[in-house]
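Spelled out from the first residue to the last, the chains are:
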Amino acid sequence: YSNFIDELRIYVRGGTGGMGYPNLGGEGGRGGDVWFVARERTTLKSMREKYPQKRFVAGTGANSSVKALKGEKGKDCEVNVPLGISVLDDDGKQIGELDAAGERFLAARGGFGGSLATNFLPCKGQRRTVHLDLKLIADVGLVGFPNAGKSSLLSKISHAKPEIANYAFTTIQPELGKIMYADYKQISVADLPGLIEGAHANKGRGHKFLKHVERTKQLLFVVDISGFQLSLKTQFRTTFETILLLTKELELYKEELVTKPALLAINKMDLPCAKDNLDELMTQLENPQDFLHLLEEEMIPANTLDFREVIPISTYTGEGIEELKTCIRKSIDEQAEQVNEEYRKKKLLLLQTSK
């Protein structure tokens with residue numbers, strides 16, 4: 001996981017204020033502030049490489065003088081950070097977040113300049129250690145157990161070139177790809193480190209995986225039509241059980257995750273008996289309540305997911321890949337329209353109440 005940095009601890013200090021001028025009542029300039037500014041094409045890794053000391057200090061305010069009784073403010077320090085950053089203090093409390101390009105967060109305020117109130121002595125700037133916690137932002141997050149074919153799917157639908165092998169846990173760091181459409185529309189897709197049973201309790205890469213899922217607009221479940229078994233020591237799970245287990249893991253970590261719009265890609269349709277398995281799975285998905293009594297109680301989620309689309313695919317033969325890309329586009333567009341409609345209604349309500 002070392003090539004991908006998803007958190008960084010840095011020191012920030014606002015500038016000290018300038019000296020006041022007692023004889024004429026002059027006021028020193030305020031110290032500069034330290035600002036975090038969200039920028040595209042910035043990563044925590046590039047920040048660490050560019051600023052190995054991880055210290056950011058703003059400029060000192062100018063002293064008051066006969067020529068300038070009001071000293072100039074110190075130079076602000078602007079730190080470019082990636083999109084999708086949560087800013088935490090040393091106690092782990094969230095004090096800010098930056099999701100869109102251009103958003104700003106005041107990380108450390110500069111000290112006041114010397115004035116009559118401070119006996120013309122300047123004040124020091126705010127200083128603290130903060131943690132930048134990255135939760136990947138992508139339109140779609142791929143959710144599935146190891147070896148379901150998520151990396152292969154990402155390589156088929158986007159220009160990303162993840163490492164692919166025929167054993168579990170090939171993906172050891174998040175991979176981002178973009179689906180390019182004929183009208184130049186782009187949709188970002190994140191392939192995240194494999195989920196396993198017990199991820200909500202931080203087994204495997206549990207919390208690292210699940211925290212990235214939080215910042216995706218939609219989920220794309222990728223499951224193996226032949227079922228899943230992590231190793232000879234673990235229990236075999238059917239495709240239906242796999243879907244319920246994935247849902248349960250998301251639900252136990254944070255209930256809001258299962259309210260996200262979700263699609264289901266059923267992979268490896270090129271395998272023998274895939275058609276029979278698919279027919280059985282579709283019957284189970286149409287009436288999941290009729291089959292829950294066959295499962296262990298701890299496997300059953302409180303709410304079963306209602307998938308917007310179920311698409312059989314094969315990353316080996318390419319079957320269903322174009323249909324999947326079309327469904328992803330349709331689902332993202334519908335969600336954007338819904339968000340716009342809610343925004344318009346909110347604005348209209350504000351106008352009506354203000355009148």
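Just above sits the structure.
The rules we used
Residues numbered from 1 in each chain as written. Predicted model: local features only at pLDDT ≥ 70, side-chain atom pairs only at ≥ 80, totals over all residues. Heavy atoms only, no water. Helix = DSSP H or I, 4+ residues; strand = E, 2+ residues; numbered from the N terminus. Buried < 20%, exposed > 50% of the residue type's maximum accessible area, 1.4 Å probe, protein only. Contact = heavy atoms within 4.5 Å. Areas by Shrake-Rupley, 256 points an atom, 1.4 Å probe, with all protein chains shown as cover. Pairing = 2+ DSSP bridges. Axes fitted to C-alpha atoms, helices over the stretch in contact; angles between N-to-C directions. Salt bridge = Lys/Arg side-chain N within 4 Å of Asp/Glu carboxyl O.

Overview of the overall build of the protein
Logical step 1: Check the secondary structure of the protein and you find six helices and 14 strands.
Logical step 2: Within the protein, buried positions represent 47% of all 355 residues.
Logical step 3: Counted over contacts in the protein with a minimum sequence separation of 6, partners at least 24 positions apart contribute 72%.
Logical step 4: In the structure as shown, the protein presents an accessible area of about 18,900 Å², 50% of it carried by carbon and sulfur atoms.

Some remarks on the sheet that holds strand β5 (residues 85–88)
Logical step 1: Spatially, β3-β1-β8-β5-β6 is the arrangement adopted by the five strands of the open sheet, whose pairing is mixed. Pairing within the sheet leaves two strands with one partner each, and these edge strands are β3 (55–57) and β6 (94–98). On average, each strand axis in the sheet is inclined to that of its neighbour by 25 degrees, with strand direction left out of account.
Logical step 2: By the bridge criterion, seven bridges tie strand β1 (residues 7–13) to strand β8 (residues 127–134) in an arrangement that is antiparallel.

Description of the pattern of salt bridges
Logical step 1: All told, the structure shown has 21 salt bridges when counted by the stated rule.
Logical step 2: Its salt-bridge partner being Arg-329, residue Asp-333 comes within 3.0 Å of it at the nearest N-O pair. One end of the pair, Asp-333, and the other, Arg-329, are both in helix α6 (residues 321–354), four residues apart, so they sit about a helical turn from each other.
Logical step 3: As a salt-bridge pair, Arg-344 and Glu-341 come within 2.6 Å of each other at their nearest N and O atoms. Taken together, the residues span about one helical turn, with Arg-344 and Glu-341 both in helix α6 at a distance of three residues.
Logical step 4: Accessibility expressed as a relative area gives 42% for Arg-344, which makes it partly exposed.
Logical step 5: A single salt-bridge network, built from bridges that share partners, covers Arg-30, Asp-33, Lys-73 and Asp-76.

A word on the sheet that holds strand β4 (residues 77–81)
Logical step 1: The three strands are arranged β4-β2-β7 in an open sheet whose pairing can be described as mixed. What marks the edges here is a single partner per strand, and that holds for β4 and β7 (104–108). Pairwise comparison of adjacent strand axes, ignoring direction, gives a mean angle of 30 degrees for this sheet.
Logical step 2: With five bridges connecting them, strand β2 (residues 34–38) and β4 associate as parallel partners. Across the sheet, Ala-38 pairs through a bridge with Val-81, a residue of β4.

All we've got here are geometric facts, nothing functional implied.
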